[in-house]
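Single-letter residue listing:
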Amino acid sequence: MAGLKELLTVRGVSKRFGAQQALADVELHVARGEVHALVGENGAGKSTLIKVLAGAITPDAGSMLLDGQPFTPRDPLAASRAGIAVIYQELSLAPDLSVLDNVMLGRERHRAGVLQRGAMRKRVLEALALLEHTDITPERKVSELGPGARQLIEVARALCSEARLVIMDEPTSSLGAADVARLFKVIARLRERGVSVIYISHALEELSAIADRYTVLRDGAHVKSGAMADTSRAELIEAMVGRALDDAFPKVAHHPGEPLLELDRICGARLPRDASMTLRRGEILGIAGLVGAGRTELLRALFGLDPIKSGAVKLAGVVDHGKPPWARLAQRVGLLSEARKEEGVALGLSVVDNLTLAGLAQSVRGGFLDRTAQRAAAQRWIDTVGVRTKDPLQPIAELSGGNQQKVALARLLHCDADVLLLDEPTRGIDVGSKAEIYRLIGELAARGKAVLMCSSYLPELLGVCDRIAVMHRGQLGAARATSEWSETAIMQAAHGAAHA
Amino acid sequence: MLKRALAVLGPFLALAFVIALFAILLPGQFLSAYNLKTVATQTVIVGVCAIGMTFVIVSGGIDLSVGSTIALSSVVSALLLRDGASTLTAVLGGIAACGALGVVNGLLITRLRIVPFIVTLGSMGVARGLAKYLADEQKVDAPVGGLSALMAKTPDPAWLLLSPGVWLMLVLAALAALVLTRTVFGVHALAIGSSEPTARLCGVRVERVKLSIYALSGLCAGLAGSLQLARLTVGDPTTALGKELDVIAAVVIGGGSLAGGSGSILGSLLGAFLMTVLANGCTLLGVPNYVQEMLVGAIIVAAVAADQLRRKSAV
């Protein structure tokens, strides 16, 4: 058994969520003691594949072998018992517990319910020694540790669970350079011990530094596998994005006019860093970038949901250094949130209340809310935007995601926003609704509105925007005409390769 | 559609059921004019507080300080009366003190970002202690004079039918219902309770609205304190102990969700009535006090369980 070279074999795994094919006939081979890079764009199916391996999702079809044995984990516990440990992007540690308690959480050693602290402590110390980090004492509270050290605790936890396969999902997204180097050393130690690692990262330069082999996923399907040494970064990007632009982008003629919004070296609490740009009336400006590059933070700081630390905003000729959301709305700036269910709409309220919440004052007569006027106003936008709803007074929770998003967008129309900040406007909604939203955005620009749109979906940026700027680690590159960009060029800029 | 109708009808049906039950068990006695007046008058204190509490709970908060606030108000008004202030000045003084307490609650919650439970748990103790300090740990005898007419079971002009305090509560409730459903402030309160991030995104000035809500709750409790003074004719620093739980129970029985985003003034009043009716009927039946307590407890849990079921089926 131990002679087998291949630790994990995944063949023909498919998974469908409703109308969306998340994984289609995926193949993955991970050798013992190798670091295997799993790459692909956002939504390519990497997360779904991890969840299948971790036992959180049961695939519709396909087979998996672990160490030559059929592997069909029923739940995360079964996968963990089989020797698979997953370290997620958002760390899953209990901050108020000690290092020791976190590492041993769920696998405490005990005799008749009484913890054997000594034995547990020894185990944790061994793991920390293996990772060459005896500087961390098991009694420290996790909340006192930095993000890099927390990552190590997660790895120690994997070691203590006798993991044979450690899956790391974007482990460096919250780490500084020194912590990244430390983590790479730890990964090397794991490899020496014969532990396999599946490493997921958007940072391609990291992959060439650490991975032995790679697998590329695109639109839920396996595209390419090979040895890291035999491939170039450009080849990887080609494999990730190589997709023809379909014509799901209805064009509405519009012409950029005078500048409406100018940002001068905006800095947020952490991100963005020195973001400057100019947005014109009748223009759609796209911002591309990796998850965590600071796009959302830029929009939120601009709208006043997050503080602006320094820099100036010039809006229709008036300069300020940050204003709260209600003041921005009064200046006719509106934000469409990327977190639809948590922030974009209030699920408990009706469609009418959601749509008019930012502009209730329009329906006030003599100090009281004229519900009839409010409803009529909402109905007008429901018709304009094409929200499919049985009854405008029904709770918005009963609508589909696409229709909820249309209500959130209609809200910006209702309060007559001149500047529309759209954060991932089509995330998680179906293709039909997407096309309708693109048409709507085009029509807004045609009416002289200024649209600033963040998206991780490159075809959408290339299909809808007049100009595109790319954000990399909090820094916003110069905006260039869409005709000057290709998916490959955007991805390269997003990875910091060719900084414009 | 049916579910939404049930949410409004639930407290109505429960109240009607309990009234019918006692009407059958206590023929002639329970539904007598005198007893109904008694029930109405007994509901006033909790009912008035529940009006303010509805705004608090709808916005996703909680106010545990109202019981102590009632006592503080009654003591402050009694002291003012004793010092020769006019009835109106004394009542307004008591209410103003409680409004100020509500503002402090609101400021702590919005400025220091401490959860409402903790802030109002603290002010519950502080207000009670303050009331005892001001009253020198004794009941404050005061010339309440005309004030006691407010809570007379049989009102002075007989055509009023119910005591002036009951009418005061009903008028206030009607106004509050209008504010909750027909003003920007009311919709903003609901929006905050439903999803605070969304409210902020839509330009709702969350801090300002919350501050007003806790001030409003303080004012309502202050008014309830004046009515309590009218009823007891002394300022009592130990009165209304644990009353905040009755008030919260009334709102919850009336369809208010502690998670925020739902609740109605009418429902809260019905909840308050339900609890008084239950207590009154049980007393008339000679059911021991401890059974009443268990009954009220069971009803609170049942009301919340019904609320949970409703929510689950809605998603």
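Structure report, in brief. (Residues numbered from 1 in each chain as written. Chains lettered and ligands numbered in written order. Predicted model: local features only at pLDDT ≥ 70, side-chain atom pairs only at ≥ 80, totals over all residues. Heavy atoms only, no water.)

## Details of the overall build of chain B
Note the cut-off: The helix count covers DSSP runs of H or I at least four residues long, the strand count covers runs of E at least two residues long, and both are numbered beginning at the N terminus. We compute the radius of gyration over the C-alpha atoms and compare it with the globule rule, which gives 2.2 Å times the number of residues raised to the power 0.38. Contact between two residues is taken to exist if any of their heavy atoms lie within 4.5 Å; hydrogens are not considered. Residue-level accessible areas treat just the shown protein chains as cover; the underlying method is Shrake-Rupley with a 1.4 Å probe.
From N to C terminus, chain B includes twelve helices and two strands. For chain B, the sequential pattern of α-helices and β-strands runs α-α-α-α-α-β-α-α-α-α-β-α-α-α. A globule of 315 residues ought to have a C-alpha radius of gyration of about 20 Å, and chain B, at 19 Å, matches this closely. Overall, the C-alpha framework of chain B stretches about 55 × 50 × 35 Å when taken along its three principal axes. Within chain B, counting contacts between residues at least 6 apart in sequence, those at least 24 apart form 78% of the total. Accessible surface, chain B: about 13,600 Å² in total, of which carbon and sulfur atoms supply 70%.

## Brief notes about the overall build of chain A
Using the following cut-off: Think of it in three bands: with a 1.4 Å probe and only protein chains considered, a residue is buried below 20% of the maximum accessible area for its type, exposed above 50%, and partly exposed in between.
Regarding its fold elements, chain A presents 17 helices and 25 strands. Seen through its principal axes, chain A has C-alpha atoms that stretch 75 × 50 × 45 Å. Classification of the 500 residues of chain A by burial places 52% in the buried group. Pairs at least 24 apart in sequence give 67% of the contacts found in chain A among residues at least 6 apart. Put simply, chain A shows about 20,700 Å² of open surface, and 51% of that area lies on carbon and sulfur atoms.

## Considerations on the interface of chain A and chain B
Under the convention used in this document: Once two parts are put together, the accessible area they lose, assessed with a 1.4 Å probe and summed over both, is termed the buried area. The salt bridge criterion pairs a side-chain nitrogen of Lys or Arg with a carboxyl oxygen of Asp or Glu, the two atoms within 4 Å. Any pair of N or O atoms that falls within 3.5 Å is considered a polar contact. Within protein, one atom must be able to donate a hydrogen and the other to accept it, and sequence-neighbouring residues count only if both atoms are side-chain atoms. Here the nonpolar group is Ala, Val, Leu, Ile, Met, Phe, Trp, Tyr, Cys and Pro; Asp, Glu, Lys and Arg are the charged ones; every other residue, Gly included, is treated as polar.
The partner chain B presents 21 residues to the 30 residues of chain A that form the contact. Approximately 2,000 Å² of surface area, both sides summed, lies buried where chain A meets chain B, with 67% of it carried by carbon and sulfur atoms. On inspection of chain A and its partner chain B, the count reaches zero salt bridges. Along the contact surface separating chain A from chain B lie six residue pairs in polar contact (both at pLDDT 80 or more). Secondary-structure elements contributing two or more residues to the side of chain A that touches chain B are helix 10 (325-330), helix 11 (340-344), helix 12 (351-356) and strand 20 (368-369) of chain A. Class assignment for the residues of the side of chain A that touches chain B results in 18 nonpolar, six polar and six charged.

## Considerations on the environment of P73 of chain A
Residue and element names in this part refer to chain A. When you line up the elements, P73 lands in the loop between strand 5 (69-70) and helix 2 (76-81). Considered as a pair, P73 and D96 are 23 residues apart in the sequence and their alpha carbons are 31 Å apart. Beyond its immediate chain neighbours, meaning those up to four positions away, P73 contacts V52, L53, G55, M64, A78 and A79.

## A closer look at unusual backbone geometry
Residues and elements named next belong to chain A. In this model, L271 is joined to P272 through a cis peptide bond whose omega is -10°. Considering the arrangement of structural elements, one finds P272 in the loop between strand 13 (259-268) and strand 14 (275-280). Phi at D25 takes a positive value of approximately 55°, unusual for a residue other than glycine. Looking at the element boundaries, D25 is found in strand 2 (residues 20-31). The class for D25 is exposed, based on a relative accessible area of 54%.

## Thoughts on the packing of helix 3 (residues 66-82) of chain B against helix 4 (residues 87-111) of chain B
Residues and elements named next belong to chain B. Definition in use: Whenever a helix is involved, its axis is fitted only over the stretch in contact; in every case the axis is a line through C-alpha atoms, and angles between N-to-C directions fall within 0 to 180 degrees. Throughout, a crossing is termed right-handed when the near helix is turned clockwise from the far one, and left-handed when it is turned anticlockwise from it by less than a right angle.
Packing of helix 3 against helix 4 leaves a shortest axis separation of 8 Å and a crossing angle of 145°. The crossing of helix 3 and helix 4 is right-handed. For the pair helix 3 and helix 4, the contacting residues are T69, S73, V76, S77, L80 and L81 in the first and T87, T89, A90, V91, G93, G94, I95, A97, C98 and L101 in the second. Counted by class, the contact of helix 3 with helix 4 contains nine nonpolar, seven polar and no charged residues.

## A few points about the packing of aromatic side chains
Residue and element names in this part refer to chain A. Definition in use: Classification of ring pairs uses Phe, Tyr and Trp, with its six-membered ring standing for Trp, and accepts pairs whose centres are within 6.5 Å; under 30 degrees between planes counts as stacked, over 60 as edge-to-face, and the remaining range as tilted. In this scheme, Lys NZ or Arg CZ marks a charge over a ring once it lies within 6 Å of the ring centre and within 35 degrees of the ring normal.
The full count for this structure, using the stated rule, is four aromatic pairs over all chains. With a centroid separation of 6.3 Å and 70° between ring planes, the pair formed by F184 and Y199 is classed as edge-to-face. On the criterion of sequence distance, the pair formed by F184 in helix 6 (residues 177-192) and Y199 in strand 10 (residues 196-200) is long-range, its members being 15 residues apart. Y199 carries the same exposure label as F184, and that label is buried. The side chain of R480 reaches across the aromatic face of W485, ending 4.3 Å from its centre.

## A closer look at a nonpolar patch on the surface
Residue and element names in this part refer to chain B. For clarity, the threshold we go by: Each patch is assembled from residues with relative accessible area greater than 30% and no salt bridge, linking like charges that lie within 9 Å and nonpolar side chains (Val, Leu, Ile, Met, Phe, Trp, Tyr) that lie within 5 Å.
Nonpolar side chains collect at one region of the surface, where V104, L108, L112, I114, V115, F117, I118 and L121 lie side by side and expose about 670 Å² of accessible area between them. If you list the elements that add at least two residues to the nonpolar patch, you get helix 4 and helix 5 (116-134). Here the element with the most residues in the nonpolar patch is helix 5; it accounts for three residues. Note on placement: L121 falls in helix 5.

## Some words on the packing of helix 3 of chain B against helix 10 (residues 243-253) of chain B
Residues and elements named next belong to chain B. Just so we agree on the cut-off: When describing relative orientation, an angle under 35 degrees is termed roughly parallel and one over 145 degrees roughly antiparallel, while 65 to 115 degrees is termed roughly perpendicular and anything else oblique.
The geometry of helix 3 relative to helix 10 is characterised by a closest axis approach of 6 Å and an angle of 125° between their N-to-C directions. By the angle between their directions, the pair helix 3 and helix 10 is classed as oblique. Across the interface between the two elements, V66, G67, S68 and I70 of helix 3 pack against K243, E244 and V247 of helix 10. Its residues assigned to classes, the contact of helix 3 with helix 10 comprises three nonpolar, two polar and two charged.

## Considering the nonpolar core
What counts is decided by this rule: To qualify as a nonpolar core, a set must consist of buried Ala, Val, Leu, Ile, Met, Phe, Trp, Tyr and Cys residues joined through side-chain atoms within 4.5 Å.
Among the nonpolar cores identified, the biggest contains 97 residues, and M168, I187 and L422 of chain A are the most heavily contacted of them. If you tally residues by element for this core, the top one is helix 5 (residues 147-160) of chain A, at eight residues. With residues near it in sequence (within four places) discarded, M168 of chain A still touches I87, V155, I187, L190, V197, I198, Y199 and I200 of chain A. V56, A90, V166 and I253 of chain B belong to the second-largest nonpolar core, a separate cluster that totals 89 residues.

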